[in-house]
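Architecture and fold: a report
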Amino acid sequence: MDAALISPAKATVLGIPTVIFSLLIPLVGIGIFTYIIALRLKPLVKASPDPRLDRLPGRFLKMLKYAVGQYRHPRYKDAGIIHILLFAGFMILSLRSTTLVLLGISDGYLLPGMDGILGHIYAILKDFAGTFVLGACLAAMYRRIIIKPERYAVPAKYGKEHTWEALLVLMLIMGLVTCDMVFEGSLAAAQIQSGLKPEIMGPMTGTWLAAHTLRFVPVDLLQNLHLGAYFSHELIFFFFLCFLPLGKHFHVITSLPNVFLMKLDKGTIKPVQWGVDDDQLDELESFGVKKFEDFTWKHMLDFYSCADCGRCSDNCPANAVGRPLSPRFISIKCRDYSFMSNPLKGKPVDGRPFIGNVLEEDEVWSCTTCGACEEECPLFIEYIDKIVDVRRGLVDDGVVPQSLQKPLNALEKRGNPYGKMEKKRADWTKDLPEDVTVKILKKKETADTLYFVDSITSYDDRIQEIGRAAARVLTAAGIDFGILGPAERDSGHEVRRFGEEMLFQELRDRNTDAIVKTGVDHIVTADPHTFNALKHDYKDVPPVAHISQTLIQCIQSGKLRLKPVEDPNKIYTYHDPCYLGRHNNLYDDPRAVIDAIPGIHRVEMAANCRDRSFCCGGGGLMLFYEPIEEKRMGQVRVEMAKAAGADVMVTACPFCMVNIEDAIKTSGLEGEMSAMDLVELIDRYMITEP
């Protein structure tokens, strides 16, 4: 391309070669950026270990899908589209920004491969990208200033709103693309005036408009605009680079590695400490997170990667009912603490206790571990493992909510949170009909399948009906099954997520020994929490299935036949239990079981089903916890079902059943709505005669 203006690499200002500024700005900018990043990495170096370099091909593909492909962003349509445009434009324009830095040093510099047809294609592409980015920034500013989505708000107890930071960044991005448009447009305008052929420009793009707007401006003024736009771009670019690690926009730098290093196994809980076997835990001086440095380096990277978008808290059921928990601010408070502990200047924050100053006990205990926050986060920030780790630290220090002390003591003494006698664990089978035999598996009593009942089904009077329904259905399907009876202990699922790791391991080991001694080939359970524990927290036990999986197999194979629904006018809806759905991706099987009943009418709870299901409030020993809240989660869930027009709520979890039935009563909907478990529904409609 012929030159019509002097480039930044050859120009002079007041006799000073501008190439000096072209070198000085990047050197200063990169130096400051390196210093800031070194301070940000300092806590990660001191943090606990966290192996994240396994299954590299899978990680790379997930990074392409979720970080590069922005797969989760359209779940919030308007904001998602804006972010995708900004991100795509950012990726495309990154090559242009690199080229511009080097153009100020080497006249006419082009990146390798950009001197032919590929360069012409890219030039047009980046013109359109810059224009789309400019439009996306204006749309984002409109949302921030005019629409003001509620999820962006910052309650007074968490400090001031961060709108200014978002607006500043948007203005910086607009400044970058505008300066580039003026830089290139001024050159094109000068070439047109000189009778030279300008670079191909995307029609109706910002660069094209700049060129046509400036085509009649005198060349000497175009020269000044050309240089002014270039150095303005460079100053904004390196200021922006150094500004990113100072707040929530650090995620621009950390998001790709954070997604690449994401947790791959849903439903699991990190060990007390990576690299320390269970039999070595007694050697540890303390458990869990008690100070900031106890977090793993990956969890600290999570804090840096939080985009402060509020999606996690917007979907958090604890936050929705007024509990003192907002996942978003767990990340923000910890990020701010990290910054204050390693300030750019001045003294670091004092050594105040982490719990009580950064995180509060009430917010830590308010979490039900439902996973809604993690399911929504586009950057795969992990909350459950962090909260469990903090709980481990509190439990290790003997700080346990009063309402949870009794069930924990009962679990330790009796193997169940109710404190009931072990020998009564199989008493629920006494009310079964004579043709339904539930074997208690011992040395001489064997079976192919173990029905793991767990504590709530064994001892809760109402939930025992689910156990009896399961026994009748398994018998009707011709499945050879039995139970552990007095040898069974609580699965420990809630115990572990509560933070009592040693008690969990004791329960797990006793159950594992009892299961292995039976010689069963399969395990089935009607409790998603038990299902998740046996699948993810236990080792060396036979494969486990939730009863919904067993039911659909039996229905499809003809082992179970179903009669038509009694009242075709009743409307059913299915409530996805958190540990069946979000944690184990079992959404279709329970729905297929319901839909197999001839004539049944099932509706979905619109925006609050499947992976956006609303927690009943029963996870993490929450059935026994007395939280601070404005409304019960179960009541909110029942209202959602009512709004969907449902008469009957079907779930597949005993914890959900307890909370939903209680919510129907407290909401004054008895007689209008009812709840039943999936296996109870099949028990009602299965054909028993030959």
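Model, not experiment: these values are computed from the prediction.

As for the overall build of the protein chain
What the protein chain contains, in helices and strands, is 26 helices and 11 strands. The principal-axis extents of the C-alpha atoms in the protein chain amount to approximately 105 × 60 × 45 Å. Counting only residues that meet the buried cut, the protein chain has 56% of its 690 residues in that class. In the protein chain, the share of contacts with a sequence separation of at least 24, taken over all contacts with a separation of at least 6, comes to 80%. About 30000 Å² of surface is accessible on the protein chain, with carbon and sulfur atoms providing 58% of the total. Taken together, the 78 basic and 87 acidic charged side chains of the protein chain have centroids lying 2 Å from each other.

Overview of the domain arrangement of the protein chain
Domain boundaries assigned for the protein chain yield domain 1 (12-260), domain 2 (278-399), domain 3 (418-556) and domain 4 (571-685). A separation of 22 Å is found between the C-alpha centroids of domain 3 and domain 4. Listed as interface residues are 30 residues of domain 3 and, on the opposing side, 31 residues of domain 4. Its largest share of buried area at the contact with domain 4, domain 3 owes to Arg-462, Glu-494 and Pro-528, together 19% of the area lost on that side. One can count 3 salt bridges joining domain 3 with domain 4. The closest approach of N and O atoms between Arg-462 and Glu-680, which form a salt bridge, is 3.0 Å.

Observations regarding the nonpolar core
Nonpolar side chains in soluble globular proteins generally cluster together in the buried interior. Grouped together as the largest cluster of nonpolar side chains are 161 residues, with contacts concentrated most on Phe-354 and Tyr-451. If we skip the residues at most four places from it in the chain, Phe-354 touches Val-289, Lys-290, Lys-291, Phe-292, Phe-295, Cys-334, Tyr-337 and Leu-359. Ranked by size, the runner-up nonpolar core spans 23 residues in total, among them Ile-82, Ala-129, Val-133 and Val-169.

Details of the environment of Phe-531
Considering the arrangement of structural elements, one finds Phe-531 in helix α21 (residues 528-537). Non-local contacts of Phe-531, meaning those with residues more than four positions away in its chain, are made with Thr-525, Val-544, Ala-545, His-546, Gln-549, Leu-580, Asn-584 and Leu-586.

Focus: the pairing of strand β11 (residues 674-677)
Two strands pair when backbone bridges link them, and strand β10 (residues 648-651) and β11 are joined in this way by 4 bridges, in the parallel orientation. The residue bridging Val-650 from the neighbouring strand is Met-676, located in β11. After leaving β10, the chain enters helix α25 (residues 654-666) and then returns to the sheet as β11, a path that is right-handed.

Remarks on unusual backbone geometry
Look at Leu-14: it is not a glycine, yet its phi comes out positive at around 55°. A relative accessible area of 84% places Leu-14 in the exposed class. Even without glycine at this site, Thr-369 takes up a positive phi of about 60°. Looking at the secondary structure, you find Thr-369 in the loop between α13 (361-365) and α14 (372-376). Thr-369 gets classed as buried once you look at its relative accessible area, which sits at 1%.

Focus on a nonpolar patch on the surface
Together, Leu-23, Leu-27, Leu-102 and Ile-105 make up a nonpolar patch on the protein surface, roughly 330 Å² of accessible area in all. With respect to the helices and strands, the residue Leu-27 is situated in helix α1 (residues 19-46).

What about the state of the cysteines?
If you walk through the whole model with that rule in mind, you get 0 disulfides. For Cys-609, which is in no disulfide, the shortest distance to another cysteine sulfur is to Cys-578 and amounts to 13 Å.

Describing a negative patch on the surface
Among the surface-exposed residues, Asp-277, Asp-279, Asp-282 and Glu-283 lie close enough to one another that they form a single negatively charged patch. Locating Asp-277 in the fold gives a position in the loop between α8 (251-260) and α9 (297-305).

Some details on the packing of aromatic side chains
By the definition in use, this model includes 24 aromatic pairs. With 6.0 Å between their ring centres and 70° between their planes, Phe-292 and Phe-295 make a pair best called edge-to-face. Phe-295 carries the same exposure label as Phe-292, and that label is buried. Among the aromatic side chains, those forming a connected cluster through ring pairs are Phe-292, Phe-295, Phe-303, Tyr-337 and Phe-354. Arg-72 extends its terminal NZ or CZ atom over the ring of Phe-380, reaching a point 4.0 Å from the ring centre.

Regarding the sheet that holds strand β9 (residues 601-603)
One open sheet holds the 4 strands; their spatial order is β9-β8-β10-β11, and the pairing between them is parallel. Single-partner strands in this sheet number two, and they are β9 and β11. For this sheet, the mean angle separating the axes of adjacent strands, direction not counted, is 35°.

Focus: the packing of helix α3 (residues 77-103) against helix α7 (residues 219-243)
Following both chains from N to C, one finds α3 and α7 inclined at 120°, their axes separated by 11 Å at the closest point. Classified by the angle between their axes, α3 and α7 sit oblique to one another. Pair α3 / α7 crosses with left-handed handedness. Residues Ser-97, Leu-100, Val-101 and Leu-103 of α3 touch α7, and the partners they reach there are Tyr-230, His-233, Glu-234, Phe-237 and Phe-238. Residues of the contact of α3 with α7, tallied by class, amount to 6 nonpolar, 2 polar and 1 charged.

The rules behind these values
Residues numbered from 1 in each chain as written. Predicted model: local features only at pLDDT ≥ 70, side-chain atom pairs only at ≥ 80, totals over all residues. Heavy atoms only, no water. Helix = DSSP H or I, 4+ residues; strand = E, 2+ residues; numbered from the N terminus. Buried < 20%, exposed > 50% of the residue type's maximum accessible area, 1.4 Å probe, protein only. Contact = heavy atoms within 4.5 Å. Areas by Shrake-Rupley, 256 points an atom, 1.4 Å probe, with all protein chains shown as cover. Lys, Arg positive; Asp, Glu negative; His and termini not counted. Charge placed at Lys NZ, Arg CZ, Asp CG, Glu CD. Domains from an automatic or database assignment. Buried area = accessible area lost by both parts, 1.4 Å probe. Salt bridge = Lys/Arg side-chain N within 4 Å of Asp/Glu carboxyl O. Core = buried A, V, L, I, M, F, W, Y, C linked by side-chain atoms within 4.5 Å. Pairing = 2+ DSSP bridges. Right-handed = clockwise from strand over helix to strand, strands pointing away. Patch = residues over 30% accessible without salt bridge, like charges linked within 9 Å, V, L, I, M, F, W, Y side chains within 5 Å. Disulfide = S-S within 2.5 Å. Phe/Tyr/Trp six-rings, centres within 6.5 Å; stacked < 30°, edge-to-face > 60°. Lys NZ or Arg CZ within 6 Å of the ring centre and 35° of its normal. Axes fitted to C-alpha atoms, helices over the stretch in contact; angles between N-to-C directions. Parallel < 35°, antiparallel > 145°, perpendicular 65-115°, else oblique. Left-handed = near helix turned anticlockwise from the far one by under 90°. Nonpolar A, V, L, I, M, F, W, Y, C, P; charged D, E, K, R; others polar.

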